[in-house]
Amino acid sequence: MADLSLVANYRSAVLFLFILCVPQPGYTDKHGIDTSICSPSQIQNSPTPKRPSLPNKYVVSIEANIENHNYTTDYTEFYDGTRNLGATHQWFLGFHVKSIYSPGTDELFTVETQTGTCTTDNLATAGPKYIFGYQPSSSNQKVGRLFTTAGALRFGNGTNEQYMGTSRVRGIIADYWKSCMYWPDMDATMEVHWYFTNTASWDPATGRTLPSPLRCQVNGKVWSGNPHVFNHTYEFNHFGTVFPTTHPFETPAGIACPHRKDTKPLPTPSNYFVFTAETLNVDFNTIGFIKEWYAKDMNLVRYDYKPATADVSPYGHNMLTEVHDFSEGIAYIRDPTVGNCTLTTISARGIDAKSVDPNHVRIRTSQEFFNFDKAAYQYEGVRKVRGMDADVWIATRTDWPASNPGKNSTWEWYFARQGWRESTGHTYVFGMPLMLSVHSDNYGSIVYNTYNFDEEKPGITDFDISKCYNYTNRQDFAFKIPGSYQVNVAPNLQGFKYNVILAVHKAATVSSLRISDVKVDYDASNILVSLTILGTPNVQGDVNNPVTQVSLSTAATLLTNAINSNQLRISVSTAQSQNKMLTAQPYSLKQSSHTVQKGYYVPPKTKTSYSAGAVAGLGVAMAVVFFAFGFACMYIYYRKNGGSFTKGDAGGFEPKKFAENDYENTADKSGDE
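Rules used throughout
Residues numbered from 1 in each chain as written. Predicted model: local features only at pLDDT ≥ 70, side-chain atom pairs only at ≥ 80, totals over all residues. Heavy atoms only, no water. Helix = DSSP H or I, 4+ residues; strand = E, 2+ residues; numbered from the N terminus. Expected span 1.5 Å × (residues − 1). Buried < 20%, exposed > 50% of the residue type's maximum accessible area, 1.4 Å probe, protein only. Pairing = 2+ DSSP bridges. Axes fitted to C-alpha atoms, helices over the stretch in contact; angles between N-to-C directions. Salt bridge = Lys/Arg side-chain N within 4 Å of Asp/Glu carboxyl O. Arc of directions from axis to C-beta. Lys, Arg positive; Asp, Glu negative; His and termini not counted. Polar contact = N/O pair within 3.5 Å; in protein donor to acceptor, adjacent residues only side chain to side chain. Contact = heavy atoms within 4.5 Å. Phe/Tyr/Trp six-rings, centres within 6.5 Å; stacked < 30°, edge-to-face > 60°. Lys NZ or Arg CZ within 6 Å of the ring centre and 35° of its normal.

## Considerations on the environment of Val-301
Next up, step 1: Position of Val-301 relative to the elements: it lies in strand 16 (residues 300-305).
Next up, step 2: As a C-alpha pair, Val-301 and His-324 span 23 residues in sequence and 5.2 Å in three-dimensional space.

## Notes on helix 6 (residues 493-508)
Next up, step 1: Compared with an ideal rise of 1.5 Å per residue, which puts 16 residues at 22 Å, helix 6 spans 22 Å between its outermost C-alpha atoms and is within 8% of the ideal.
Next up, step 2: Counting buried residues in helix 6 gives 12 out of 16 residues, a clear majority hidden from the surface.

## Topic: the sheet that holds strand 5 (residues 107-112)
Next up, step 1: With antiparallel pairing, the 11 strands of this open sheet are ordered in space as 6-5-4-3-2-1-13-12-11-10-9. One side of each edge strand has no neighbouring strand; the edge strands of this open sheet are strand 6 (117-122) and strand 9 (162-169). Adjacent strand axes in the sheet meet at a mean angle of 20 degrees when their direction is disregarded.
Next up, step 2: Sheet topology note: the strand 3 (residues 85-92)/strand 4 (residues 95-102) ladder contains seven bridges and is antiparallel. If you follow His-89 over to strand 4, its bridge partner there is Lys-98.

## Examining the pattern of salt bridges
Next up, step 1: Under the criterion given, the structure shown has 13 salt bridges.
Next up, step 2: One salt bridge in this structure joins Lys-519 and Asp-517, with 2.3 Å as the shortest N-O distance.
Next up, step 3: Taking the relative accessible area as the measure of exposure, Lys-519 reaches 15% and is therefore buried.
Next up, step 4: A single salt-bridge network, built from bridges that share partners, covers Arg-170, Arg-215 and Glu-235.

## Considering helix 7 (residues 552-564)
Next up, step 1: Relative to the 18 Å expected for 13 residues at 1.5 Å per residue, helix 7 spans 18 Å between its end C-alpha atoms, a close match to the ideal helical length.
Next up, step 2: Turning to helix 7, its buried residues are Leu-552, Ala-555, Ala-556, Leu-559, Ala-562 and Ile-563. Seen from one end, helix 7 has its buried residues packed into an arc of 130 degrees, which puts them on one side.

## As for the environment of Pro-336
Next up, step 1: As for its placement among the helices and strands, Pro-336 is situated in the loop between strand 18 (330-335) and strand 19 (340-345).
Next up, step 2: Owing to a relative accessible area of 31%, Pro-336 belongs among the partly exposed residues under this scheme.
Next up, step 3: Once the C-alpha coordinates of Pro-336 and Thr-321 are considered, the two residues, 15 residues apart in sequence, prove to be 7.6 Å apart.

## A few points about the side chain of Asp-106
Next up, step 1: With respect to the helices and strands, the residue Asp-106 is situated in the loop between strand 4 and strand 5.
Next up, step 2: The side chain of Asp-106 sits in the buried core without any salt bridge; Lys-261 is the nearest counter-charge, 5.1 Å away.
Next up, step 3: Here Asn-122 takes part through its side chain, which lies 3.3 Å from a polar atom of the side chain of Asp-106.
Next up, step 4: Polar contacts involving the side chain of Asp-106 include one to the main-chain amide nitrogen of Ala-124, which spans 2.9 Å.
Next up, step 5: Once you skip the residues sitting within four places of it in the chain, Asp-106 turns out to touch Asp-121, Asn-122, Leu-123, Ala-124, Tyr-134 and Lys-261.

## So, the side chain of Ser-588
Next up, step 1: One can find Ser-588 in the loop between strand 31 (580-583) and strand 32 (590-593).
Next up, step 2: Accessibility expressed as a relative area gives 8% for Ser-588, which makes it buried.
Next up, step 3: A polar contact of 2.7 Å, which involves the side chain of Ser-588, links it to the backbone oxygen of Gln-585.

## Regarding the packing of aromatic side chains
The description of an aromatic ring pair uses the distance of the two centres, along with the angle that the planes make with each other.
Next up, step 1: In total, this model carries 36 aromatic pairs according to the counting rule given.
Next up, step 2: Note on Tyr-101 and Phe-132: the rings are 5.0 Å apart at their centroids and 80 degrees apart in plane angle, and the pair reads as edge-to-face. Placement of Tyr-101 in strand 4 and of Phe-132 in the loop between strand 6 and strand 7 (134-135) is noted, with a sequence separation of 31 residues between them. When sorted by exposure, Tyr-101 lands in the same class as Phe-132, which is buried.
Next up, step 3: When the ring of Phe-273 is compared with that of Phe-453, the centres are 5.3 Å apart and the planes differ by 40 degrees; the resulting orientation is tilted. Here Phe-453 lies in strand 26 (residues 444-454) and Phe-273 lies in strand 14 (residues 272-281), a separation of 180 residues in the sequence. The exposure classification of Phe-273 matches that of Phe-453, with both residues buried.
Next up, step 4: Stacked on the ring of Phe-243, the Lys or Arg Lys-57 has its end atom at 4.6 Å from the ring centre.
Next up, step 5: Over the ring of Trp-293 we find Arg-302, and its NZ or CZ is 3.8 Å from the ring centre.

## Examining the environment of His-31
Next up, step 1: By secondary structure assignment, the location of His-31 is in the loop between helix 1 (4-13) and strand 1 (57-66).
Next up, step 2: Look at His-31 and you get partly exposed, because its relative accessible area is 38%.
Next up, step 3: Each C-alpha atom, one on His-31 and one on Ala-188, is 8.7 Å from the other, the two residues being 157 residues apart in sequence.
Next up, step 4: When sequence neighbours within four positions are dropped, the list of residues in contact with His-31 reads Asp-187 and Trp-223.

Structure follows, in structure tokens:
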């Protein structure tokens, strides 16, 4: 079989009409027009019949017979004069080469599909620029341009062409035209014979009413040091104006072109978002699902997932919820089905953590989650994903996975184009990611589809850890706020609850994660608030400078003092005021503890009883996000290689099972919404 280097050699020599030899370096003495081939002065320009009208866009299949070298090459040409783009797909000696012409950026991309490699050349100096012709940018032309269709085909663009009557080409009646051309750059003289369908005498299969090219014969001589005689015949088939592929001018998926110009920057990730993902491991025929949250400004990450059956998980194989608190360096891993919850340190090998030293981690930035920090991504163009138009960026890496670097991996990000994003009804700062495709030489292929992507402001309740604390490590509180529920709370109940959490967080100096189960009711003259403060975690986290957590008794004292001194103030927005402050009533705080009898929760007798009213369930309207490059990719990898979910990462804390009714406040009959 022929060597791939032959493809590269012929790639630089194959021209759309004339496969010629590029002049030898240093050749400056021009022979000029070789009249032994033909003489332009002897070609009489025929005014009739009218020359064929050529479209500004075309696709055609060509069989090029290089008679002086005894070989055939086939290729398909794509040309779009309006978009100023061209492309060829060439087959030679069993090899397939794709070339993309981008005169707007002065680039030529050549892809060898057998090896999956791409080279980027300067179009102005590349030999194959003669295929479509190239006009470099100038003072009155901001970017380079391909020739017009007439210029690209070298027919009807000012050269004298003499009508020679009709002829038969492959049995088809054709109009025959002859010309004589001289190319100074190549010091080449050639006699050209063009044949177009005679639509007056022949009905083409395509139904085109305008003439189509059928054949071009070229005989000539190149003076490049020693003269070189050539004789080529080009057969044209399936000439049309409708492209059979959606984006013929884009480089193939999964193949990066080094040194490509960056024509569109990557989207900039926001610091919070949430989405659902579908993970496909192509090589192992597996599929998984995960929902992910990421909130950089809150130092929190959460993901809900079901471990694969084959994975060894110390936390079970039901749907799991993980909350990572990077303010303290603690991971809360819970199985809601059976009630197990384990507190452990955050593994440095997790997809959301970045190691800062052998013993400490930090939360990844949004750039790191998307792996935008790992390589220089290049804009590839537009492709279809699930029927949607998507902008695509590509990069190559040699550092993934970290445990086995050195092999190439190709990463492609797909983001919905503007029109598709607008149809969702959302305004995106970052964009709407649709898919990540990763192919690694040492791991295979993974596809990571994303759905329901949202960039809403996160809510602390999305990271609820209250089910990880039993009745011995929590305290209930209730207090009054003078004011009207209907005026101050009802218009935005969730926002009011969120502001209560912020106020208590500041007053009691406890993490917002430790404030849960916020309920709101009212009586004739007061807003009635109840909540639970959780105890301190029994695990030492693994972040630098973890937030110091006060005990429950200290938190109770601080909250009591704040209320009694008129310092617990909650911000509200009403129709009359955008930033109104309400103050908790001094000495209204009531405390109570949870007790358990015979395995059932018994409400404390000292708990304040509220009147029946409209009370709402906590769910602050803020969605948090996480778009790691791929929990998908790395989740599978770490499971198989002892990642963050092995027993070794559990820090010696075995799952603890609590009865579901330990967490239910059966005495609360306030009708909280």
